[in-house]
Amino acid sequence: ELKVEQNPLFLSMQEGKNYTIYCNYSTTSDRLYWYRQDPGKSLESLFVLLSNGAVKQEGRLMASLDTKARLSTLHITAAVHDLSATYFCAVDDMEYGNKLVFGAGTILRVKS
Amino acid sequence: GAVVSQHPSWVICKSGTSVKIECRSLDFQATTMFWYRQFPKQSLMLMATSNEGSKATYEQGVEKDKFLINHASLTLSTLTVTSAHPEDSSFYICSASRQGRVYGYTFGSGTRLTVV
């Protein structure tokens, strides 16, 4: 059974600082997703990572995937208050065929 | 592209009544739709997967008779919470995928259900 672990679960950081959220998964998969969720809202897609070594960047966020280590990272550069949200990684369960398994989520609070 | 519309956004109902939530793919044909439940400050929990024209596949621990899922067309899936109780209060989110995993998943806007 595919398990996805995210850490940290809660992150409080100052504006302007850098930090990384980690996402580990337990079995082979070739597709990993990062989502953002604001309070009371649904998920907003941030990145889809499709292959080993994939790196994608959008604004102050950069995501990478290492399929050999079964690890993805979401790096935040020079955080701003607007980045405050909950961030989820999710992995396609290849054994199941078409099913997402989510991490627990990281609550990010950026303090002014 | 790829928009999934979910209605209603929020609903309040009395205990014992049933509530239907709709999930529509507006600009693509959704071969598979997924229903999730999310409690406050928790992750999404997959409830069931439905393919058009087939019976839904429920995750372990999800009551089939309580959460009725219908996927009658390639653009519409519904979730009916039957005989709702306060413990069914939650945030329900649908998502849809197209033929071929290359397209990924598109999420609806979610439905906040409160049972009083």
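Structure shown above.
Criteria and cut-off values
Residues numbered from 1 in each chain as written. Chains lettered and ligands numbered in written order. Predicted model: local features only at pLDDT ≥ 70, side-chain atom pairs only at ≥ 80, totals over all residues. Heavy atoms only, no water. Helix = DSSP H or I, 4+ residues; strand = E, 2+ residues; numbered from the N terminus. Buried < 20%, exposed > 50% of the residue type's maximum accessible area, 1.4 Å probe, protein only. Areas by Shrake-Rupley, 256 points an atom, 1.4 Å probe, with all protein chains shown as cover. Phe/Tyr/Trp six-rings, centres within 6.5 Å; stacked < 30°, edge-to-face > 60°. Core = buried A, V, L, I, M, F, W, Y, C linked by side-chain atoms within 4.5 Å. Patch = residues over 30% accessible without salt bridge, like charges linked within 9 Å, V, L, I, M, F, W, Y side chains within 5 Å. Salt bridge = Lys/Arg side-chain N within 4 Å of Asp/Glu carboxyl O.

Engineer: For the overall build of chain A, give the residues involved together with the corresponding values.
Structural biologist: Within chain A one finds 0 helices and 11 strands. Reading the secondary structure of chain A in the N-to-C direction produces β-β-β-β-β-β-β-β-β-β-β. Buried positions account for 46% of the 112 residues belonging to chain A. A total of about 5500 Å² of accessible surface is found on chain A, and carbon and sulfur atoms cover 49% of it.

Engineer: Any chance you could break down the packing of aromatic side chains for me, citing the residues and the numbers?
Structural biologist: Under the criterion given, the structure shown has 10 aromatic pairs over all chains. Between F88 of chain A and F102 of chain A the ring centres are 6.2 Å apart and the planes differ by 85 degrees, which places this aromatic pair in the edge-to-face class. Of this pair, F88 of chain A sits in strand β9 (residues 85-92) while F102 of chain A sits in strand β10 (residues 100-102); the two residues are 14 residues apart in sequence, bridging distant segments of the chain. For the pair F88 of chain A and F102 of chain A, a shared accessibility class is recorded, and that class is buried. Aromatic side chains F67 of chain B and Y92 of chain B sit 6.3 Å apart centroid to centroid with 45 degrees between the ring planes, which places their arrangement in the tilted category.

Engineer: I'd like a rundown of the nonpolar core, residues and numbers included.
Structural biologist: Ranked by internal contacts, the top residues of the largest apolar core, which has 26 residues, are V4, L32, W34, L74, I76, Y87 and L108 of chain A. Those elements giving two or more residues to this core turn out to be β2 (10-14), β3 (19-25), β4 (32-37), β5 (43-49), β7 (61-66), β8 (71-76), β9 and β11 (106-111) of chain A. The leading source of residues in this core is β9 of chain A, at 4 residues. If you look at the next biggest cluster of nonpolar residues, it comprises 25 residues, including F28, M33, W35 and I69 of chain B.

Engineer: Which residues make up a nonpolar patch on the surface, and what are the values?
Structural biologist: Taken together, W10, I12 and V116 of chain B make up a surface patch of nonpolar side chains, about 370 Å² in accessible area. Tracing the backbone shows W10 of chain B in strand β2 (residues 10-13).

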